[in-house]
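Architecture and fold: a report
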Amino acid sequence: MLRVKNLTKVYEDGTVALRNVSFEVPDGQFLAVVGLSGSGKSTLLRCINRLIEPTEGEIWWNDIEISHVEGEELRRVRRKIGMIFQHFNLVDRSSVMRNVLSGRLGYVGTLASVLGRFPHDDMEKAYASLDRVGIRDKADNRADELSGGQQQRVGIARALMQDPELILADEPVASLDPVLAHSIMGHLQQINREDGITVMCSLHFLDLVQQYGDWVIALNEGELVFEGLPSDIDDARFKEIYGKDAVRIG
Amino acid sequence: MATNKENNNDKKSRPLLRALLIFAAFIGAFILYAYAIDVTQINFTEPQDPKRQEVTTRVIRALARPDFFVFNEEKRAMNVMIRIPCEGEVTGSQFALSDGRTVTISPNCADTTQDTIVITGSGFQPNTSGIIRWYPPGDTSATRALTSFRTDGEGNLNEDFTMPDIRPSEEPQRLEIEEKWKSGGFLGTGIIGFSEAVKITVEKIIETVLLALMATTVGTLLAIPVGFLAARNLMENIGLPLAAILSGVIGLLIGFVLGDNITKWLLDLASTLTNNTLTGLGIAVVLLIIIGAVLKFAPAKLSGEERSRLATSIEWLRVMFIIILAFFIIAMLAYMGIVLGKSLEGSLGWAAFLARFISFLSEGITVLSPIVMGLLLGLIGASLGSTYGQEAILRTNVTTGRIITGIVSAIGGAIFVYGIGAALNWLYQFDNPERWTTYPSLVAAVILLVVGLAANPKRQYPIGMVIYTALRSLLNIIRSIEPLIYVIVFAVWVGIGPFAGVLALTIHTIAALGKLYSEQVESISEGPIEAITATGASRVQTVVYAVVPQVVPPFIAFTLYRWDINVRFSTVIGFAGGGGIGFVLVQNINLLKYRQASVMMISIAVVVISLDYLSSKIRKRII
Ligand SMILES: Nc1ncnc2c1ncn2[C@@H]1O[C@H](COP(=O)(O)OP(=O)(O)OP(=O)(O)O)[C@@H](O)[C@H]1O
Ligand SMILES: [Mg+2]
C-alpha cells in the first residue's frame, strides 16, 4: 500500500511542480497517471523513489514514512521499487546481461559487484527475466545494438531483477510506435496481474489508459484534478484535465 | 511622449559616445603596443647587423647539413711550383703526372698579394671538390689554404686566387692541389656508418619517449580517482551529517596508521623469513596453498536477500585474510627478488636492465607498500567511518544523536586540526609543536563538541562540494605551472636526469588529465545514473555500473592525447635538467655543434609527428 499525503515539490528555481498532492494506491493496482506535459508526472514518480527530494508532505510505503529515510534504509526502500523510463536509461556500452544484472545491485555486496561477481542465482534470475520479456537470445549483445522496443524490455527485465513490490513507469511507451507500445504495456499488465506487483504508470494516450489502467489520477499544473476509474473520464472531465481547448482524439 | 524624447536623446548621444569610446580604445591600444614593443626590445637594427647575419647564416647552413653519417673519403694530391718573387720573364708553367693530370699555372710567380694567379687543369676526378694549399718556405709543417675548387663534368679545373702573403725564397715554393671524394661504402655513396651524433640521438630519443610513457602511465593511474572526485555531477549531492564527516576523518587516520604499521610489520617478518631463500620459497608455496584452500572450501555467498550480518562479516574477514596472505607472499618474493636481481645483473650482459628491473620492482614494493597500504586502508576507513557515522545518526533519537555527534566531532576535528598544525609546523619550522598542534586541536575539539551538541544532528553538510571545490582549485593551481618549472624542483630532489623529468611530467599529467577526466564525467548522460540509483545501488556501485562504462573510451582517448603532449614536453624538459633528448640538444648548441644539434632537432620532429599520427589513428579507432 502506497499513501501519498500532501506532497509538494518546489524546485530550486521556484517552480512548483507538485502542489499538495494526496492519493492512495492499494497493493496490486495498475494506476495510470495522466496530465499535460509539464504537469508534474515525472516529478511525482521520482519523489516516490526519492530520485527527487520532496519539499513537503509524507510518503507512506508499507507503513514506513519514506520521504526522509537516508543511507542504508533508503537503499532498502529503493531496491523494492523498480523504475522504467521513457528513454530506457540503459548503459549503452554495457551488455544486455550486465544491464539486467545491475537491477540486482541493491542486494549484492559492493566489493562483489565491483568485481562483477554475481551469485549464480542472480545469473539464473537474469536469464529468466530476459526470457519473460522474450529477448533471452540478446543477452550478450551490447545494449545500444537493440531496437527501442527491445531496449525497453531490457528495462523491464532490469526492474524485475529487483523483486519489486512496486514498479514506477514514466511514460514507458512514449518513444515507441503504437504496436510496440501495446506489446510493452502488455508486459507491464502481465507483471501486474501475474506477480501482483503494483504498477504506477504515467501515460499520454487515453486509449492506453482505458485499456490498461485500473484507476487514474490526473495532474494539472502540479495539482491533483481527477481521481477515478478510466471509464469516468468523459468529455467534461477531459477538458478539466487537459484544458478547455483540448480536443479528444482516438 | 516622455519615453519618446528620451529615446531621441539616446539616439543622438550614442554615436558621439561611441566615437569617443572608439577613439579612447585606439589611444589605449597605441600606448599598449608602443610599450609592448619597447619592453620586448623588438627592433630592426640587430637583425640587419652584418656580423650577426653572417653568424646566423653559418648556423642555418650548419643546421641544413645534419651530421648523419660517417663517410669513407679518398684523396689525391698533385704538386705545382711557384716562384716568389718573380725573376726575369713572367710566363706560365705546365705540370703533368703519369695518371693524366695536367696543370697550367699562370703566371708561375707572384710579387704582391694583388697578383691574380690562375690555375687550369684537366684529367681530374669529375665533379669533385678539393682544395689548393700553399707550403710556405721554412716551416714545412705549416700549410695555408688558398682556395677551394670544384671540377666540372669532364674533370677540368679552373680557379684563380691571390697569395695571402709574400714570403720570398730562393727555391720555388710548393702548391698542393688536393681532390677529395667519397667512395665505396653503402651503394657507392661513401657512407660507411652513422655518426656519433646519430647514435646519441637514438639513445636519447628512446629515453625521451620512455620518459613520456612513464609519466603518462603513472599520471593516468593517479588522475583517474581525481577525475571522479572532481566531477560536479557525482559530488554535488553528497551531503552528510557532521558525525558522518568527522567519523570519516577518524576512520581515515585509523586506517592509515593501521595500514602503515601492519604493512611494515609484515615486511619485517617477510624479510626475516626470506633470509634463507629456500625456506622463503617453501613458506610462499605453503601460503599459496592456504589461499587456494580458503578460496575453494569456503564458497562465496556474496548475495541473497536474507544475508545475515554474521555471514557478511565472515565474508569480509575471508577477503581480508586472503589479501593479507597475498601481500605477504608478494613481500617475500620482493625480498628474494632484490637478492635475485643483484646476483643476476652481472651475468645477463646486455639484458642486465631486466635484472635491474626485478631489483627495482622488489625495492619499490618494500619502499612504497607501507604508504600505499596506509592510504588504501585510510580510504576504506574513511568510507566505513562515514557510513557508520551516518547510520548511527539515522538510527538513533535526537538526544543520542547529539551526544554521538558531539563526541565524534570533537575527536575528528582535533585530529584534522592537529594534522594541519603539524604540517605548518614542519613547513615553516615554527619549532613550537604545542602552540601549533596541541592547543589548536584542543580548541577545535571544544568548539566542535559544542557545535555537535547544539546543532541538529541530522543536518546535512555539503561535503561533496567541499571536496570538489578543493580538488578543482588544486588542479587549476598545479596545471598553471609548466613542467619545465617543476623539473627544476625535482632536479634538486632526485638529481638532474630523466627521473626528474618523469616526476615533473607526472605532476602536470595528473592535474591536466584529472581535469579532462572530470569534465568527461560531467558530460555523460544522466539517464543511466538515475536508473542505477533507482535500483538501490550504493554510490560506488552507481559509479562502477553507470559512469565507468560511459567514460572508458574517452578516458583512453585523453590518455593517448596526453602521451602525445608528454612526448612534446619531454623533448624540451631536458633544457631544465630533466634528461632526454633536450639535454644533449642544449649541450650541442652551447658547444656550437650545430650540425649535431640539427640531427637532434630532426629526430624530435620525426618522433613528435609520428606519435601524433599514431595516437590520432588509435583515438579514431576507439571513439
Ligand atoms: N530540475 C528541475 N528544475 C526546475 N524545474 C523543473 C525541473 N524539472 C522539472 N521542472 C519543472 O517542473 C514542472 C513539472 O515537470 P515534470 O517533468 O514533472 O512534468 P511531466 O508531467 O513529467 O511532463 P512531461 O509529460 O513533459 O514529461 C515543469 O514545469 C518543469 O518545467
Ligand atoms: Mg515527464
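Just above, that's the structure.
What this report covers is the structure whose coordinates are included nearby. (Residues numbered from 1 in each chain as written. Chains lettered and ligands numbered in written order. Predicted model: local features only at pLDDT ≥ 70, side-chain atom pairs only at ≥ 80, totals over all residues. Heavy atoms only, no water.)

1. Regarding the overall build of chain A
In terms of regular secondary structure, chain A is built from nine helices and 10 strands. Overall, chain A is about 55 × 40 × 35 Å in size when its C-alpha atoms are taken along their principal axes. A total of 250 residues make up chain A; the buried ones form 54% of that total. The contacts of chain A with a sequence gap of at least 6 include a subset with a gap of at least 24, amounting to 68%. Roughly 10,600 Å² of accessible area belongs to chain A as shown, and the carbon and sulfur atoms make up 47% of that amount. Within chain A, one finds 28 positive and 38 negative side-chain charges whose respective centroids are separated by 4 Å. (Helix = DSSP H or I, 4+ residues; strand = E, 2+ residues; numbered from the N terminus. Buried < 20%, exposed > 50% of the residue type's maximum accessible area, 1.4 Å probe, protein only. Contact = heavy atoms within 4.5 Å. Areas by Shrake-Rupley, 256 points an atom, 1.4 Å probe, with all protein chains shown as cover. Lys, Arg positive; Asp, Glu negative; His and termini not counted. Charge placed at Lys NZ, Arg CZ, Asp CG, Glu CD.)

2. Brief notes about the overall build of chain B
Looking only at helices and strands, chain B features 18 helices and 12 strands. Here the C-alpha atoms of chain B give a radius of gyration of 39 Å, more than 25% beyond the 25 Å that 2.2 N^0.38 yields for 623 residues. Along the first, second and third principal axes, the C-alpha atoms of chain B reach 130 × 105 × 55 Å. Burial status across chain B gives 38% buried among its 623 residues. Long-range pairs, those at least 24 residues apart, make up 73% of the contacts in chain B with a sequence separation of at least 6. (Rg over C-alpha atoms; globule rule 2.2 N^0.38 Å.)

3. Considerations on the pairing of strand S9 (residues 173-182) of chain B
Residues and elements named next belong to chain B. By the criterion of burial, S9 is predominantly enclosed, with seven of the 10 residues buried. Alignment of strand S2 (residues 73-82) against S9, held across 10 bridges, turns out to be antiparallel. From the neighbouring strand, Lys 75 faces S9, where its bridge partner is Lys 180. Two elements, strand S6 (residues 129-135) and S9, share seven bridges in a ladder whose sense is antiparallel. If you follow Gly 130 over to S9, its bridge partner there is Glu 179. (Pairing = 2+ DSSP bridges.)

4. Considering the environment of B:Ala19
Mapping B:Ala19 onto the fold places it in helix H1 (residues 2-40). The spacing of B:Ala19 and B:Leu471 is 452 residues in sequence and 47 Å in space, taken between C-alpha atoms.

5. Observations concerning the sheet that holds strand S2 (residues 16-25) of chain A
All names here are of chain A. An order of S2-S1-S4-S5 is seen for the four strands of this open sheet, with the pairing classed as antiparallel. With one partner strand each, in any of the chains shown, S2 and strand S5 (64-65) form the two edges of the open sheet. Strand direction decides the pairing type here: strand S1 (residues 2-10) and strand S4 (residues 56-61), joined by five bridges, are antiparallel. Residue pairing for S4: Arg 3 is matched across the bridge by Trp 60.

6. Some remarks on the interface of chain A and chain B
Tallying the contact residues gives 40 residues for chain A and 31 residues for chain B. Both sides of the chain A and chain B interface together cover about 3,000 Å² of buried area, and 57% of this is carbon and sulfur. On the surface where chain A and chain B come into contact, there are one salt bridge. Here B:Glu530 and A:Arg46 are joined by a salt bridge, their closest N and O atoms 2.4 Å apart. Considering every element that reaches the side of chain A that touches chain B, the biggest residue donor is helix H4 (residues 110-114) of chain A, with five residues. (Buried area = accessible area lost by both parts, 1.4 Å probe. Salt bridge = Lys/Arg side-chain N within 4 Å of Asp/Glu carboxyl O.)

7. Digging into the site of ligand 1
Residues and elements named next belong to chain A. Ligand 1 sits among 14 residues. The nearest are Ser 37, Gly 38, Lys 41, Ser 42 and Thr 43. A distance of 3.5 Å is found between a nitrogen atom of ligand 1 and a side-chain nitrogen or oxygen belonging to Tyr 11. At a separation of 2.5 Å, an oxygen atom of ligand 1 approaches a polar side-chain atom of Thr 43. With three residues, helix H1 (residues 41-48) is the largest single contributor of residues to the shell around ligand 1. Classifying every residue of the shell around ligand 1 by side-chain character gives three nonpolar, eight polar and three charged. (Near = heavy atom within 4 Å. Polar contact = N/O pair within 3.5 Å; in protein donor to acceptor, adjacent residues only side chain to side chain. Nonpolar A, V, L, I, M, F, W, Y, C, P; charged D, E, K, R; others polar.)

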